[in-house]
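Observations on chain architecture
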Amino acid sequence: MKVVSEALDFNNTTTVSVKNPTVEEVRFQTDSELWEAFKEGDETAFIKIYNDYFESLCDFGIQFAALSTVKDAVQDVFIHLRTKRAQLPALKNSIQPFLFQCLKRHLFNLNKKAAKSNFKLTEDIFEIAISHESAIILNQEHKVKLERLNRALGKLNAKQREAIYYYFYKEMSYEEVQDLMGFDNVKSARNLIYKIVKKLKQTFLYFF
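Report follows, based on the coordinates. Computed from a prediction, not measured in an experiment: that's the story for all the values here.

Calculation criteria
- Residues numbered from 1 in each chain as written.
- Predicted model: local features only at pLDDT ≥ 70, side-chain atom pairs only at ≥ 80, totals over all residues.
- Heavy atoms only, no water.
- Patch = residues over 30% accessible without salt bridge, like charges linked within 9 Å, V, L, I, M, F, W, Y side chains within 5 Å.
- Areas by Shrake-Rupley, 256 points an atom, 1.4 Å probe, with all protein chains shown as cover.
- Salt bridge = Lys/Arg side-chain N within 4 Å of Asp/Glu carboxyl O.
- Lys, Arg positive; Asp, Glu negative; His and termini not counted.
- Charge placed at Lys NZ, Arg CZ, Asp CG, Glu CD.
- Helix = DSSP H or I, 4+ residues; strand = E, 2+ residues; numbered from the N terminus.
- Buried < 20%, exposed > 50% of the residue type's maximum accessible area, 1.4 Å probe, protein only.
- Contact = heavy atoms within 4.5 Å.
- Phe/Tyr/Trp six-rings, centres within 6.5 Å; stacked < 30°, edge-to-face > 60°.
- Lys NZ or Arg CZ within 6 Å of the ring centre and 35° of its normal.
- 1 Å grid on protein atoms, 1.4 Å probe; cavity = no way out; pocket = protein on both sides within 12 Å on 5 of 7 lines; lining within 4 Å.
- Points joined across faces, edges and corners; volume = space filled by probe spheres on them.
- Nonpolar A, V, L, I, M, F, W, Y, C, P; charged D, E, K, R; others polar.

Some details on a positive patch on the surface
- Among the surface-exposed residues, Arg148, Arg151, Lys155 and Lys199 lie close enough to one another that they form a single positively charged patch.
- Topologically, Lys155 is positioned in the loop between helix 5 (140-154) and helix 6 (158-169).
- Lys155 gets classed as exposed once you look at its relative accessible area, which sits at 73%.

Structural notes on the environment of Phe28
- Note on placement: Phe28 falls in the loop between strand 2 (15-17) and helix 1 (31-39).
- When residues no more than four places from it in sequence are discounted, the contact partners of Phe28 are Glu33, Leu34, Ala37, Asp42, Thr44, Ala45 and Lys48.

Quick look at the packing of aromatic side chains
- Within this structure, the stated rule accounts for 16 aromatic pairs.
- Ring geometry for Phe38 and Phe46: centres 5.9 Å apart, planes at 25°, overall stacked. Phe46 matches Phe38 in its accessibility class, with the two residues each being buried.
- The interplanar angle of 90° and the centroid separation of 5.0 Å between the aromatic rings of Tyr167 and Phe168 together place this pair among those described as edge-to-face.
- One aromatic cluster is present, formed by Trp35, Phe38, Phe46, Tyr50, Phe54, Phe78 and Phe98 through successive ring pairs.
- We note Arg190 situated over the ring of Tyr174; from NZ or CZ to the ring centre the distance is 5.1 Å.

Some remarks on empty space enclosed by the protein
- Applying the stated rule across the entire model yields one cavity of 30 Å³ or more.
- Each pocket or cavity is described by its volume, and for the largest cavity that value is around 30 Å³.
- The wall of the largest cavity is formed by Trp35, Phe38, Phe46, Ile49, Phe78, Leu81 and Leu99.
- For the lining of the largest cavity, the secondary structure elements donating two or more residues are helix 1, helix 2 (43-61) and helix 3 (67-83).
- Here the lining of the largest cavity is built from residues that sort into seven nonpolar, no polar and no charged.

Have a look at this one:
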């Protein structure tokens, strides 16, 4: 996991050093314990969260914007969280969905200010593609099916691709998908994913 030595704040007036993690990290048995320790001012907890999720957040962020913009945005998010840690909500489960939500909100706020900057959200968000490496060991028949599945995923609209990305690629729960996509209830998230999978199943039984 890549470790970044410094992170700039929103105004670029101060820096916050991020040191290498220590073996003290092992005392955090759950994400909930880790998050509470961070909220209470534990720097080891902050370092672990930063190191564990920096790359994952960048991977998520490039679904919306260029990597250079995303890296700066991720830094902004971590500095903001560190500054406001005492006011942050408690998390019962995974930290990742909350961080995704923070980054997504920050990127969309940046987009609102696009007239005053060079930032612009990508038009083809959540462009899902099956990696070439995953197809190398497959025989020709399976490769053809994989290509067909890839084309089918490409025909999904942005909302559908986003749901697939969260649920299958990031293995999030329906509740987490609901929060990230702003649905009113869990049933809406579940129904959307069910309809997508059912549609894909009709053509690509091999993959399910």
